[in-house]
Amino acid sequence: VVLRRGLLTEADIKSWFITWLCALFALFIAMLWYGPADRFTRLMSSRPMKYLGQISYGIYLFHIPTQVLVWKVLLSGIQSWNKWPKYTLRFAAFAALTVAFASLSHRFIERPFLLLKDRLR
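Here the structure is a predicted model, which means the values were calculated and not measured.

> Mind laying out the packing of helix α5 (residues 56-74) against helix α6 (residues 83-119), listing which residues take part and the relevant values?
For the pair α5 and α6, interaxial distance at closest approach is 8 Å and the crossing angle is 135 degrees. As the angle between them shows, α5 and α6 are arranged oblique. Where α5 crosses over α6, the handedness of that crossing is right-handed. Two secondary-structure elements touch here, α5 through G58, I59, F62, H63, T66, Q67, L69, V70, W71 and L74 and α6 through Y87, R90, F91, A93, F94, L97, T98, V99, F101, A102, S105 and E110. A breakdown of the residues in the contact of α5 with α6 according to their chemical character gives 14 nonpolar, six polar and two charged.

Shown next as structure tokens:
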């Protein structure tokens, strides 16, 4: 009903998404802490998840500048779109670019310094 009347704003969509994402994250942590070694544990210890763990500092560093880049520069011309496709496209571009920037940072900045650290020991 709220969507049909156009009363749902982008901020409402964000708050709904973040609320459920936080709840899902808490559930994941509880399952890792208390759950048996099952499919979820295998998923969380998979190569892609390990890689995200390796680049997590870069994700932390680049997520805000990337959000500004996507929302204010790259996809600023989609204001007239429907709310759900607009936010989905923005979030997909934001997530992909954040991981890409973090990967580049890890490869060309962090890893050389980590190798230098090992040499200086």
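That shown, we press on.
> Just give me the short version of the packing of aromatic side chains, but keep the residues and values in it.
If you walk through the whole model with that rule in mind, you get nine aromatic pairs. When the centroid spacing of 6.0 Å and the interplanar angle of 85 degrees are considered together, the rings of W16 and W84 count as edge-to-face. Separated by 68 residues along the polypeptide, W16 in helix α2 (residues 10-34) and W84 in helix α6 bring together distant segments of the chain. Relative to F91, the ring of F17 has its centre 5.1 Å away and its plane inclined at 65 degrees; by these criteria the two rings are edge-to-face. Within this pair, whereas F17 is found in helix α2, its partner F91 is found in helix α6, the two being separated by 74 residues in sequence. Each residue in the set F17, W71, Y87, F91 and F94 is aromatic and connected to the rest through ring pairs, giving one cluster.

Criteria and thresholds
- Residues numbered from 1 in each chain as written.
- Predicted model: local features only at pLDDT ≥ 70, side-chain atom pairs only at ≥ 80, totals over all residues.
- Heavy atoms only, no water.
- Axes fitted to C-alpha atoms, helices over the stretch in contact; angles between N-to-C directions.
- Helix = DSSP H or I, 4+ residues; strand = E, 2+ residues; numbered from the N terminus.
- Parallel < 35°, antiparallel > 145°, perpendicular 65-115°, else oblique.
- Left-handed = near helix turned anticlockwise from the far one by under 90°.
- Contact = heavy atoms within 4.5 Å.
- Nonpolar A, V, L, I, M, F, W, Y, C, P; charged D, E, K, R; others polar.
- Phe/Tyr/Trp six-rings, centres within 6.5 Å; stacked < 30°, edge-to-face > 60°.

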